[in-house]
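# An overview of the molecular structure
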Number of protein chains: 4
Amino acid sequence: MADDLTDIVADIVATMQGAQDRGRVAHYIPELAKVAPHHFGIAVATADGQMVTGGEADLRFSIQSISKVFALTLALGKVGDQLWDRVGREPSGTAFNSIVQLEHEQGIPRNPFINAGAIVVADVNLSGHQPRVAIGEMLRFLRYLAGDDDIAINEAVAASETASGFRNMALANYMRAFDNVRHPVELVLGAYFHQCAIEMSCRQLALAGRYLMLDGRHPDGGRVVSPRRARRINALMLTCGHYDASGDFAFRVGMPGKSGVGGGILAIVPGRASIAVWSPGLNASGNSQLGTLALEELSSRTGWSIFSPPVAR
Amino acid sequence: MADDLTDIVADIVATMQGAQDRGRVAHYIPELAKVAPHHFGIAVATADGQMVTGGEADLRFSIQSISKVFALTLALGKVGDQLWDRVGREPSGTAFNSIVQLEHEQGIPRNPFINAGAIVVADVNLSGHQPRVAIGEMLRFLRYLAGDDDIAINEAVAASETASGFRNMALANYMRAFDNVRHPVELVLGAYFHQCAIEMSCRQLALAGRYLMLDGRHPDGGRVVSPRRARRINALMLTCGHYDASGDFAFRVGMPGKSGVGGGILAIVPGRASIAVWSPGLNASGNSQLGTLALEELSSRTGWSIFSPPVAR
Amino acid sequence: MADDLTDIVADIVATMQGAQDRGRVAHYIPELAKVAPHHFGIAVATADGQMVTGGEADLRFSIQSISKVFALTLALGKVGDQLWDRVGREPSGTAFNSIVQLEHEQGIPRNPFINAGAIVVADVNLSGHQPRVAIGEMLRFLRYLAGDDDIAINEAVAASETASGFRNMALANYMRAFDNVRHPVELVLGAYFHQCAIEMSCRQLALAGRYLMLDGRHPDGGRVVSPRRARRINALMLTCGHYDASGDFAFRVGMPGKSGVGGGILAIVPGRASIAVWSPGLNASGNSQLGTLALEELSSRTGWSIFSPPVAR
Amino acid sequence: MADDLTDIVADIVATMQGAQDRGRVAHYIPELAKVAPHHFGIAVATADGQMVTGGEADLRFSIQSISKVFALTLALGKVGDQLWDRVGREPSGTAFNSIVQLEHEQGIPRNPFINAGAIVVADVNLSGHQPRVAIGEMLRFLRYLAGDDDIAINEAVAASETASGFRNMALANYMRAFDNVRHPVELVLGAYFHQCAIEMSCRQLALAGRYLMLDGRHPDGGRVVSPRRARRINALMLTCGHYDASGDFAFRVGMPGKSGVGGGILAIVPGRASIAVWSPGLNASGNSQLGTLALEELSSRTGWSIFSPPVAR
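Fair warning: this is a prediction, and the values are worked out from it, not measured in the lab. In this numbering scheme, every chain counts its residues from 1 along its sequence in written order. Here every chain gets a letter starting at A, and every ligand a number starting at 1, in the order they are written. With pLDDT at 70 or above as the cut-off, local features in this predicted model cover only qualifying residues; side-chain atom pairs require 80 or more to be listed or tallied, and sums for whole chains, interfaces and linings still use all residues. Side-chain numbers here rest on the full set of heavy atoms in the structure, without hydrogens or water.

Secondary structure follows DSSP: runs of H or I at least 4 residues long count as helices, runs of E at least 2 residues long count as strands, and numbering of each begins at the N terminus. Looking only at helices and strands, chain A features 14 helices and 10 strands. Throughout, the radius of gyration refers to the C-alpha atoms, and the reference size of a globule is 2.2 Å times the residue count to the power 0.38. Over its C-alpha trace chain A gives a radius of gyration of 18 Å, about what one expects of a compact globule, namely 20 Å for 313 residues. Accessibility here uses a 1.4 Å probe with only protein chains present; expressed as a share of the type maximum, an area under 20% marks a residue as buried, one over 50% as exposed, and anything in between as partly exposed. A buried classification covers 64% of the 313 residues belonging to chain A. Across chain A, every contact between residues at least 6 apart in sequence was considered, and the portion connecting residues at least 24 apart equals 68%. In this tally, Asp and Glu contribute negative charge and Lys and Arg positive charge; neither His nor the terminal groups of the chain are included. The atoms used to mark charge sites are NZ of Lys, CZ of Arg, CG of Asp and CD of Glu. A distance of 5 Å separates the average location of the 28 positive side-chain charges in chain A from that of its 30 negative side-chain charges. Should any heavy atoms of two residues lie within 4.5 Å, those residues are considered in contact.

Dropping the structure here:
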């Protein structure tokens, strides 16, 4: 299988490098708009410990909303299932930054992966500390998961989000009116914007995601989360990880995944692989155009969809 | 494993028979409201050809919306991916009979498992014929899938739905205004209401669902749908099969599933099992209260969640 | 003033006959789409018994939703303020044929002038009879109000609406599901479509509206409705008479008014005038383009806005 | 008439002082929640220069949203009809603090009297200055209109609103994301909260509103706004002045009016009267319970509804 996987990844890289329609780089965060659309990288960490990479797998990019997976993991560690009193677990049926649903459901966001839900998660993770404490904790967590200390925040991106983050300010204030944001809005968003501005490479991201393919265990043997919690985070990624295109991603790719507006996607095949792809151009749903195509191709070639019978190794 | 599965199923039956809170039997279809809440049945058809049953696994019940899975399969056979021009593939974020979304999205239902989407599918399946032709085709399909000719329609239930089906009349007329229902509304709903009034036992239903665990193949070797289509139907069941509680079902059970207001649920574990449970009392989301709990317990005991690493046989 | 009014009306007719942008004739009812856009008529019936007309004031057109004013008057006569248990009195904030609001407010339409509300009014007016009885009553009422027996229904238009009335079918069935339509939907819509297909000239319509300027009295001295009811119908026309452009009509024209998709508008200046204008081209809000401009000009020249100090006769 | 009016007002005061159901004092602004519900005051300034008062007509209360009428007048003076590029003129169909509509209409509030619209108006009035400059201008304007220099801001109320104003923060930030709020949100809301915290008595408020009954003129002969603009402000008060109960207020009272959450209502009868009532208990729609009843009674007794033929003096 390993040789095969190497071939498949090489084929995908070749295809993507020749792609004409690369989508459109996110423009609403000025710093991100500067990234060139030609990039493509992929990294596949397998359950048996291999790493297959292709393209610019070691170039860092802004992980943006992919950070919500790790933030959720931390928040569940802090407050457990009480989190679900403040955040739902259902697909939203609306855009990632919609505020309509909040009004209809009394300030309870539909899931932890839309912006409103991630802001509540950031509020939980703040737990009375200053933003830098929460951000430090997040960085340490990612470095441990990836086994790589070279993960940091791009302060220019964080500042860029702060300057343009009026819709997130609206969401946070709105939930504060319902007492579902409990720290000062500025502190919560300070932590949130810095978390989104973390930069990682495909390789680092694939490594960081391994606990989700390994039933909650770090490859070093340590338990990150219980099997039940790992399974549930994967379920949330599948149903809610691509905003209002989550159904389409499940339909086409068939893997739990979480996308970010920086063009990255983390996808998990339980028991098989933790995969990161990156290409900054986005499709109409706000997810990486080539990243989605690459995962669809990978799923098709490997048979790694969770909706198919498991393939033999 | 077979012995284990027998024990697990027996334990589940015992637990469910002692359950206090059995939910509430659907009341909006008069005929269904007559069903007593104490029933519970389960049937598990495994990929290696076993059948493990418990409780009232051979009692027939109204499959209701579970029929949407088979209707979708037929419609995809007729028009292929053109179906997706008329129906979306995203969770709805609203109730099963909501009409709001249709107005916001120009008469295109969000997915084939909400009522509006299933009515479009029924319109496709009618394909110029009388309702009895479409219904005959559906019955033949189910009898073939289950290997059992003793599957029929409860005409009293069909009549009961027709009499109370004003919201479905509204949905169908609304979509007709957008030319997304093309046959006369009365014919489409005639077919739709009869399809929902099909009665099957858990055993029959689990048998009928086997092609979805077997990558699209009938156990007799015949191909029902392509592997890709089977995978995609499973994905739709996972993201949209439980209306606005699909996220919660994925979170708790972790299997593609489709519920019906008659209290049945069909759940698929690709490569492993096709499972049917039935208990007529519904939870607040309109899905079988005990059926959901039974599947959660089964998933937990067997490790059959699609969000966990595949377990060895 | 009479001379002045004659001059003003003549000026308005001249202006409108030279207008370039005449809006767009309604296309969704096939029979109405056949009407040529160049027509313009106006008739002003004053409180002191004069009639000033201009343009094609004696040509009949389809009064469409203007009929809702007279239907409301009849329904209030039948059930009094109990009507308000089934219909609201607030502007809708949505399009005339929206169904969204009905779902959010449990099948209670926001006001009697949006389609859903008018269908409930038609249901009230049916009061157990066949549609032809209700339609006969409506025609007799209009003939009495206008003092003119030559008012009839255009059956081709009625048939045209029936054939294309899927959204109204959806609205009626939806409200029937909430028991807010109580007769068979076909009968209610039969009456409703025929009521909309009544044809009247500007002259007839201005005459028919006189009771609303005369505190509820027919010029012959008979009481049509109480002063309080006349006042309230005028208030509803002001706040809800132009669908989601009612605010703009009040802002620009300042008279209670009701528009129809046939291009007619009935406007009332309490104590002063009952005015009908007609030009079939509609603006973006679905109200007569030239009709609205003509009333704005008339209001400006006469000072007849209800939001200004009353002018001396 | 003057004697009659005195009697009518006296009767109304007597009725209201004996009222059992006085509604509920607003609780979401802590300072306002301290006001006792037993208060009632009324002041009627007539076009011929009389002033008839009753109850606690000289007690100051927080004018809250009534300030939006004067703020709108100032903003129209600054930018004229360009204001309407940034704010609509239609009733909202939703609650005063709803954010849903903003998302559906790209950050353009439906009218200047819902909170979102008033925040845009405050942004216009800020026009590059510090909040204290804009607030000073507003106070000078009100003192001139009322002919009374003793009008001031209750700083405790302003501070109370700032502390609890998370929903307004959400609205302002949301519109800032659409560039429909252009000054820093803190400054705009600073001005807005202070404007709402102005305290006036019924007498002062009725005096301040006289220009709206006098076709735009101050009784001293100066022109405050053009007749056309006065008429249009009255129209907006009628269609949008009582949030989602504007239709009901028009139906029952029949006067352009603007309510505030402090329990005040300013109502205008063009050519006749400028009226202020105050009673702090609110009805379910958030408008003064007794204030609304008092105006309904006044309208009924005087015949001052704009939807009736004008009464003789």
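So much for the structure itself; the text now carries on.
Our next topic: helix α14 (residues 289-302) of chain B. Residue and element names in this part refer to chain B. With 14 residues, α14 ought to run about 20 Å at 1.5 Å a step, and its terminal C-alpha atoms sit 20 Å apart, in line with that. Counting buried positions along α14 yields 10 of 14 residues, so the element is predominantly enclosed. For α14, the full list of buried residues reads Q289, L290, G291, T292, A294, L295, E296, L298, S299 and T302. N-cap assignment for α14: the residue whose side-chain oxygen lies 3.0 Å from the backbone N of G291 is S288. The positive-phi residue at the C-terminal boundary of α14 is G303, with phi of around 70°. For a helix, the expected span equals 1.5 Å multiplied by the residue count minus one. By the criterion applied in these results, polar contacts are pairs of N or O atoms within 3.5 Å in which, for protein atoms, one can donate a hydrogen and the other can accept it, and in which residues neighboring in sequence qualify only through two side-chain atoms.

Superposing chain B onto chain A takes a rotation of 180° combined with a translation of 0.0 Å along the rotation axis, leaving an RMSD of 0.0 Å. Given the turn and translation reported, the copies of this chain are related as if by a two-fold rotation axis. Scanning chain B for the C-alpha nearest the rotation axis identifies B:G93, at a separation of 2.3 Å. A share of 100% of interface residues in chain B that are also interface residues in chain A marks the association as one of identical surfaces. What sets the superposition is a least-squares fit of C-alpha atoms, and only residues with pLDDT of at least 70 in both copies go into it.

As a further point, take the environment of C:A273. Residues and elements named next belong to chain C. Within the secondary structure layout, A273 lies in strand β9 (residues 273-278). Between the alpha carbons of A273 and I99 there is a distance of 35 Å; along the sequence they are 174 residues apart. Look past the residues within four positions of A273 in its chain and what remains in contact with it is V44, A45, T46, M213, A267, I268 and W304.

Now for the sheet that holds strand β7 (residues 257-259) of chain C. Residues and elements named next belong to chain C. Strands were regarded as paired on the criterion that DSSP finds at least two bridges between them. The strand order β3-β2-β9-β8-β7 describes an open sheet built from five strands, whose pairing is antiparallel. Both outer strands of the open sheet, β3 (51-55) and β7, are each paired with one neighbouring strand and no more. When the angles between neighbouring strand axes are averaged without regard to direction, this sheet yields 10°. As judged from the five bridges shared by strand β2 (residues 41-46) and β3, these two strands associate in the antiparallel manner. Bridge pairing in β3 links I42 to G54. On top of the sheet, helix α14 (residues 289-302) reaches β2, β8 (264-269) and β9; it is set at about 145° to β9, its chief contact. Orientation is described by lines fitted to C-alpha atoms, with helices fitted over the stretch in contact, and by angles between N-to-C directions that extend from 0 to 180 degrees.

Another point: the side chain of A:S308. In this fold, A:S308 is placed in the segment after α14 (289-302). Dropping the residues within four chain positions of it, A:S308 is found in contact with A:G303, B:D215, B:R231 and B:P270.

By a widely used convention, the size of an interface equals the accessible area lost when the partners come together. Taken together, the 34 residues of chain B in the interface contact 34 residues of chain A. The term buried area means the drop in 1.4 Å probe accessible area that two parts suffer when joined, counted for both and summed. Approximately 3,100 Å² of surface area, both sides summed, lies buried where chain B meets chain A, with 60% of it carried by carbon and sulfur atoms. Sorting the residues of chain B by area buried against chain A places B:R231, B:F251 and B:F307 first, and these three jointly supply 25% of that buried surface. By salt bridge we mean one thing: a side-chain nitrogen of Lys or Arg within 4 Å of a carboxyl oxygen of Asp or Glu. Our count for the contact surface shared by chain B and chain A stands at six salt bridges. Among the salt bridges present, the one from B:D248 reaches A:R89, with a minimum N-O distance of 2.3 Å. Scanning the region where chain B abuts chain A turns up 12 residue pairs in polar contact (both at pLDDT 80 or more). Elements supplying a minimum of two residues to the side of chain B that touches chain A: α12 (227-240) and α13 (246-252) of chain B. No other element matches α12(B), which puts seven residues into the side of chain B that touches chain A.

Attention now goes to the packing of aromatic side chains. Only Phe, Tyr and Trp rings take part, Trp by its six-membered ring, and two of them pair if their centres are within 6.5 Å. Stacked means planes under 30 degrees apart, edge-to-face means over 60, and tilted covers everything else. If you walk through the whole model with that rule in mind, you get 24 aromatic pairs over all chains. Ring geometry for A:W84 against B:F251: centres 5.3 Å apart, planes inclined by 80°, an arrangement best described as edge-to-face. Of this pair, A:W84 sits in the loop between α3 (67-79) and α4 (100-104) while B:F251 sits in helix α13, on two different chains. The interplanar angle of 65° and the centroid separation of 6.4 Å between the aromatic rings of D:F141 and D:Y211 together place this pair among those described as edge-to-face. In this pair, D:F141 is assigned in helix α6 (residues 131-146) and D:Y211 in helix α11 (residues 210-213), connecting sequence segments 70 residues apart. When sorted by exposure, D:F141 lands in the same class as D:Y211, which is buried. Joined through ring pairs, the aromatic side chains of A:F70, A:F141 and A:Y211 make up one cluster. Positioned above the aromatic ring of A:W84, the side-chain terminus of A:R89 is 5.5 Å from the ring centre. Whether a charge sits over a ring depends on NZ of Lys or CZ of Arg being within 6 Å of the ring centre and within 35 degrees of the ring normal. Across from the ring centre of C:F251, 4.1 Å away, lies the NZ or CZ of D:R89, which sits over that ring.

This part is about the domain arrangement of chain A. Residues and elements named next belong to chain A. Where each domain starts and ends follows an automatic or database-derived domain assignment. Each assigned domain of chain A is listed here: domain 1 (2-62 + 200-302) and domain 2 (65-198). Contact residues are listed per partner, giving 37 residues for domain 1 and 38 residues for domain 2. Considering only the surface of domain 1 that becomes buried against domain 2, R229, L236 and Y243 emerge as the three largest contributors, covering 19% of it. Between the two partners, domain 1 and domain 2, sit two salt bridges. Measuring nitrogen to oxygen at the nearest pair gives 3.9 Å for the salt bridge that ties D81 to R232. At the level of secondary structure, the elements contributing two or more residues to the side of domain 1 that touches domain 2 comprise α2 (30-33), β4 (61-62), α10 (202-208), α11 (210-213), α12 (227-240), β7 (257-259) and β8 (264-269). Basically, the charged four are Asp, Glu, Lys and Arg, the nonpolar ten are Ala, Val, Leu, Ile, Met, Phe, Trp, Tyr, Cys and Pro, and anything else, Gly included, counts as polar. Its residues assigned to classes, the side of domain 1 that touches domain 2 shows 20 nonpolar, nine polar and eight charged.

Residues and elements named next belong to chain A. UniProt positions are given in the numbering used here, feature names are shortened, and annotations may be inferred rather than shown by experiment. Mapped onto this structure's residue numbering, the UniProt feature "binding site: substrate" (unreviewed entry) falls at S65, N115, E161, N168, Y192, Y243 and V261. By the secondary structure assignment, Y243 is in the loop between α12 and α13 (246-252). Overall, the relative accessible area of 9% leaves Y243 in the buried class. You can see V261 is positioned in the loop between β7 and β8. Apart from residues lying up to four places away in sequence, V261 is in contact with A26, Y28, I29, L32, Q64 and L282.

All names here are of chain A. Pairing is antiparallel across the open sheet formed by three strands, whose spatial order is β4-β6-β5. Of all the strands in the sheet, just β4 and β5 (152-153) have a single pairing partner and so form its edges. Note that β5 and strand β6 (residues 198-200) share two bridges and pair antiparallel. Bridge pairing in β6 places A152 opposite E199. Of the strands in this sheet, β5 and β6 are in contact with helix α6 (residues 131-146), which crosses β6 at around 10°.

This brings us to the packing of helix α8 (residues 166-177) of chain A against helix α8 (residues 166-177) of chain D. Helices that pack against each other are described as a pair by the angle of their axes relative to one another and the distance between those axes. Look at α8(A) against α8(D): their axes get within 7 Å of each other, and the N-to-C directions meet at 165°. Taken as axis vectors, α8(A) and α8(D) run roughly antiparallel relative to one another. The handedness of the crossing between α8(A) and α8(D) comes out as left-handed. The segment α8(A) lies against α8(D), with A:F166, A:R167, A:M169, A:A170, A:N173, A:Y174, A:R176 and A:A177 engaging D:F166, D:R167, D:M169, D:A170, D:N173, D:Y174, D:R176 and D:A177. Its residues assigned to classes, the contact of α8(A) with α8(D) shows 10 nonpolar, two polar and four charged. Throughout this description, any angle smaller than 35 degrees is read as roughly parallel, any larger than 145 degrees as roughly antiparallel, any in the 65 to 115 degree range as roughly perpendicular, and the remainder as oblique. By definition, any crossing whose near helix is turned counterclockwise from its far helix by less than a right angle is left-handed, and any crossing with a clockwise turn is right-handed.

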